Amino acid sequence: MHSADITIDNITKIEGTAGLKVTIENDQVKDLKFIIKDYRRFYIEAVKGKPIMAAPSFLSRICGTCSVAHLFASIEAIEKSQGIEVTEQTKLLRRLAYDGLMIRDHALHLYFFVLPDVLGIDSILDIPDDTDNFGHVLLHDSFDIKKLGSDITDVIIGAAIHAPIPTIGGFLKNPDPSKFPELIARLENIRPQVIRGIKTFFDYPSELIRNSDYLALRNNQRYDFIEGEIVNTSGKRVPEAEFHNFLKSVVIPYSQAEGYVFSDSHEDYLVGSLARLNLNLDQLHPRTKAGAVDFLSVFPSNNVYHNNVAQAIEILQCVEDAIDILKTIQISDEKLVRKSLQSGIGVGVVEAPRGVLYHKAKVNGQGVITDYDVIVPTAQNQINIENDLKKYFEENLGKDKKQLQLEAEKIIRAYDPCMSCATNFLKIDWISS
Amino acid sequence: MNQTVTTITPKKLNIGWFSFTCSEDSTILLTELLNTHFDEWKNLVDFKHFKALKTNNSLENIDVAFIEGAISSDSQADEVKKIRDNTKYVVAIGACACTGMPSSSRNNFGSKEIDEQVAWYLSHFDYSNKVRRLDEVIKVDEKVEGCPMNKDRFIEVLGKYLKEF
């Protein structure tokens, strides 16, 4: 291919709207733009002036699929601004709800968005209605897995999307333990289906390797999505409160979302399941290590398609973690932890399904939000995605245009990007030029 | 006498599912409803346009368009008008399509909220002055309110159109 313009107006089978424009001249990639197209809703401005009790529920509306991540990050930020320390029971129930989120969200991405690439079809809607067909088996696995994740969140926090029960200081209502045995039995029974999924995405022969840096939360006690320090591949450790100093935001004039690089090296980096597994492999649950033993040898990995495998392994990790919590937790009738309102600043950092998510709340003495910041995973991955695509196109210019388009979409899909999230910004280093 | 056996394929309801400015929570809820309804709906419904699930999408012969999200720009308005022109019925899905909120929060912004960064995005891309709910742009036949949509009401509306077609 000597010269060509390749445009994908709407990348499909992702969350939200994004496009790609590539200009090839004289057998070289002259220009490549990954364009996030979702219109901003300016929630970070809109949350100012709201009472702290209303903020987390409002901000969960940033995203439909990972609303629980935004809810928990916002609650944590506000609790820290108020000096509220929640109980061990609350911490465990949040962890359990988060397991439900990860199981459902990862399964949605893997089976509804990526599986058609694995099967060489356009859509799950094209899978034959034949119980012997492997695609049919996997699709029905996904229904069972997703429903189990949703049911865990329903029981613990009242809903999978915009959950009404978690609040500042704990839970508005404690879960009903009589529902736990059925969840435990279903979690125990789902393992073979989850492992079939891991094998499927492991066997998917796609590769794009670039030496990315990785960034994730790490807790030395366990594989954790909620508590820990932020670490990267080169060994830097950053407390949650210092996270935004670790990054530099970059305005991307053609995209509705800004990107991020490390503030010191100005290098791009990747967040998400691949980063988490690369940096926390040793912390996986013993039963996850045993169940996924045939698929762990590729980690740490620089192949971006292994983000799919990492998500599938994390589903198993969350299944095992949820079983442990459900079997051991004793629910007591706890009340919310409350303190007198105070002015303060708090930071909440969690691992959303797509990577590190940062919320920062500034609160006045009347308990009103005066300033707010959010850094979301897909915005952090934006520059990395673009650089991966440049490498792919530079190395594959001999392929025909249709093939290049198809492969580019697969690469973007492997990141599991979320455009609804991406169009919310952090207000640092703003340079309008 | 030769007998010809003809198999009659029942007509399916042609559906389009579209998302504009929102969190796409109703899309996610729909993917959850598929956990238990996929096998049933596959025989009754043909998803002609569903960007979250397929690449080969078409606006042709759509009976019912389900539209989620508020309208942030003239280009989005043109897009929903095109959908309206190509479909028999339009259903507004979720709070942002039905009421504008919370996606239309910026309609209430004053100069304090519109700082340099917000102003740059508003002027740099084709944002319209106001974010609009769907029925401010096109005729809407039914609404499924909620954030995310009320799933029982969605199933009721879908059932109504399945009967009609």
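Residues numbered from 1 in each chain as written. Chains lettered and ligands numbered in written order. Predicted model: local features only at pLDDT ≥ 70, side-chain atom pairs only at ≥ 80, totals over all residues. Heavy atoms only, no water.

It is not clear to me how the overall build of chain B should be interpreted in this structure. Could you clarify?
The secondary structure content of chain B amounts to five helices and seven strands. Traced from its N-terminal end to its C-terminal end, chain B shows the element sequence β-α-β-β-β-α-β-α-α-β-β-α. Each principal axis of the C-alpha atoms in chain B carries an extent, and together these give about 85 × 30 × 25 Å. Looking at chain B as a whole, 52% of its 165 residues qualify as buried. Of the accessible surface of chain B, which amounts to about 7900 Å², a share of 47% is contributed by carbon and sulfur atoms. A gap of 4 Å separates the mean positions of the 21 positive and 25 negative side-chain charges of chain B. (Helix = DSSP H or I, 4+ residues; strand = E, 2+ residues; numbered from the N terminus. Buried < 20%, exposed > 50% of the residue type's maximum accessible area, 1.4 Å probe, protein only. Areas by Shrake-Rupley, 256 points an atom, 1.4 Å probe, with all protein chains shown as cover. Lys, Arg positive; Asp, Glu negative; His and termini not counted. Charge placed at Lys NZ, Arg CZ, Asp CG, Glu CD.)

It is not clear to me how the overall build of chain A should be interpreted in this structure. Could you clarify?
A tally of helices and strands in chain A yields 12 helices and 14 strands. Computed over the C-alpha atoms, the radius of gyration of chain A is 21 Å, within 12% of the 22 Å expected from 2.2 N^0.38 for a compact globule of 433 residues. When its C-alpha atoms are laid out on the principal axes, chain A stretches across 70 × 60 × 35 Å. A burial count over chain A gives 64% of its 433 residues as buried. Across chain A, contacts joining residues at least 24 apart in sequence account for 70% of those joining residues at least 6 apart. For chain A, the exposed surface amounts to about 14700 Å²; the carbon and sulfur share of it is 50%. Here chain A carries 47 positive and 59 negative side-chain charges, and the mean point of each set is 4 Å from the other. (Rg over C-alpha atoms; globule rule 2.2 N^0.38 Å. Contact = heavy atoms within 4.5 Å.)

What is the right way to look at the packing of helix H5 (residues 134-157) of chain A against helix H1 (residues 25-42) of chain B in this model?
For any two helices packed against each other, one specifies the crossing angle of their axes together with the interaxial distance. Between H5 of chain A and H1 of chain B, the least distance of the axes is 9 Å, while the angle of their chain directions is 135°. Taken together, the axes of H5 of chain A and H1 of chain B are oblique relative to one another. Both H5 of chain A and H1 of chain B take part in a crossing whose hand is left-handed. Across the interface between the two elements, Leu139, His140, Ser142, Phe143, Lys146, Lys147 and Ser150 of chain A from H5 of chain A touch Thr31, Glu32, Leu34, Asn35, Thr36, Phe38 and Asp39 of chain B from H1 of chain B. (Axes fitted to C-alpha atoms, helices over the stretch in contact; angles between N-to-C directions. Parallel < 35°, antiparallel > 145°, perpendicular 65-115°, else oblique. Left-handed = near helix turned anticlockwise from the far one by under 90°.)

Help me out: how do you make sense of the pattern of salt bridges in this one?
Pairing is possible between side chains that carry opposite charge, provided their charged atoms lie close to one another. All names here are of chain A. Under the counting rule described, the total for this entry stands at 49 salt bridges over all chains. Its salt-bridge partner being arginine 354, residue aspartate 105 comes within 2.9 Å of it at the nearest N-O pair. Of this pair, aspartate 105 sits in helix H4 (residues 88-119) while arginine 354 sits in the loop between strand S12 (344-352) and strand S13 (355-363); the two residues are 249 residues apart in sequence, bridging distant segments of the chain. Arginine 354 gets classed as buried once you look at its relative accessible area, which sits at 5%. (Salt bridge = Lys/Arg side-chain N within 4 Å of Asp/Glu carboxyl O.)

Got a minute to help me understand the confidence of the model for chain B in this structure?
Reading fine detail from the predicted coordinates is not recommended where pLDDT is low. In the predicted model, chain B carries a mean pLDDT of 93, and 95% of its residues have values of at least 70. Reported confidences for the modelled complex are a pTM of 0.95 and an ipTM of 0.94. (pLDDT = per-residue confidence, 0-100.)

Please clarify how the sheet that holds strand S2 (residues 45-50) of chain B should be interpreted in this entry.
Where strands meet in a sheet, backbone hydrogen bonds hold them as pairs that are either parallel or antiparallel. Residue and element names in this part refer to chain B. The five strands lie next to each other as S2-S1-S3-S5-S7, forming an open sheet whose pairing is parallel. Lying at the two open borders of the sheet, with one neighbouring strand each, are S2 and strand S7 (142-144). When strand polarity is set aside, the average angle formed by the axes of neighbouring strands in this sheet is 25°. Inspection of the sheet shows strand S3 (residues 62-68) paired to strand S5 (residues 87-93) by six bridges, in the parallel sense. Among the inter-strand pairings, alanine 65 is bridged to a residue of S5, identified as valine 90. Along the sheet, helix H5 (residues 151-164) makes contact with strand S1 (13-19), S2, S3, S5 and S7, crossing S7 at roughly 150°. (Pairing = 2+ DSSP bridges.)

Whenever I open this one, the packing of H4 of chain A against H5 of chain A confuses me. Can you help?
Residue and element names in this part refer to chain A. Close contact between H4 and H5 brings their axes to 8 Å; oriented N to C, the two are set at 160°. Put simply, H4 runs roughly antiparallel to H5. Crossing handedness for the pair H4 and H5: left-handed. Of the residues belonging to the contact of H4 with H5, the class tally is 18 nonpolar, six polar and two charged. (Nonpolar A, V, L, I, M, F, W, Y, C, P; charged D, E, K, R; others polar.)

Just checking my understanding: could you explain the sheet that holds strand S6 (residues 213-218) of chain A for this structure?
All names here are of chain A. Taken together, the four strands give an open sheet; going across it, the order is S8-S7-S6-S11, and neighbouring strands pair in mixed fashion. For this open sheet the edge positions go to strand S8 (237-238) and strand S11 (269-270), each flanked by a neighbour on one side alone. With two bridges connecting them, S6 and S11 associate as parallel partners. Directly across from tyrosine 214, in S11, lies its bridge partner leucine 270.

I'm lost on the interface of chain A and chain B in this one. Help?
How large an interface is tends to be reported as the accessible area lost when its parts come together. Each side of the interface is counted separately: chain A has 55 residues, and chain B has 46 residues. Taking both partners together, chain A and chain B bury about 4400 Å²; carbon and sulfur atoms supply 59% of that area. For the pair chain A and chain B, the number of links is one salt bridge. One salt bridge connects lysine 146 of chain A with glutamate 32 of chain B, and the closest N-O pair in it is separated by 2.8 Å. There are 24 residue pairs in polar contact (both at pLDDT 80 or more) connecting chain A and chain B. (Buried area = accessible area lost by both parts, 1.4 Å probe. Polar contact = N/O pair within 3.5 Å; in protein donor to acceptor, adjacent residues only side chain to side chain.)

Honestly, the side chain of glutamate 409 of chain A in this entry has me stumped. Any pointers?
Within the secondary structure, glutamate 409 of chain A is located in helix H11 (residues 401-414). Residue classification places glutamate 409 of chain A among the buried positions, given a relative accessible area of 9%. Not counting the four nearest positions on each side in its chain, glutamate 409 of chain A is found in contact with Ile8, Ile11 and Thr12 of chain A together with Thr55 of chain B.

Help me out: how do you make sense of the packing of aromatic side chains in this one?
Geometrically, a pair of aromatic rings is defined through the distance of the ring centres and the angle of the planes. Enumeration according to the criterion identifies 26 aromatic pairs over all chains in this entry. Arranged with centres 5.1 Å apart and planes meeting at 90°, the rings of tyrosine 39 of chain A and tyrosine 127 of chain B form a pair that is edge-to-face. With tyrosine 39 of chain A in the loop between strand S3 (28-36) and helix H1 (43-46) and tyrosine 127 of chain B in strand S6 (residues 127-132), the pair connects residues from two separate chains. Judged by relative accessible area, tyrosine 127 of chain B falls into the buried class, the value being 10%. With 5.3 Å between their ring centres and 40° between their planes, phenylalanine 47 of chain B and phenylalanine 50 of chain B make a pair best called tilted. Aromatic rings pair up to connect Trp17, Trp41, Phe47, Phe50, Phe66 and Phe154 of chain B into one cluster. One cation-aromatic arrangement involves lysine 146 of chain A over phenylalanine 112 of chain A; the distance from NZ or CZ to the ring centre is 4.5 Å. (Phe/Tyr/Trp six-rings, centres within 6.5 Å; stacked < 30°, edge-to-face > 60°. Lys NZ or Arg CZ within 6 Å of the ring centre and 35° of its normal.)

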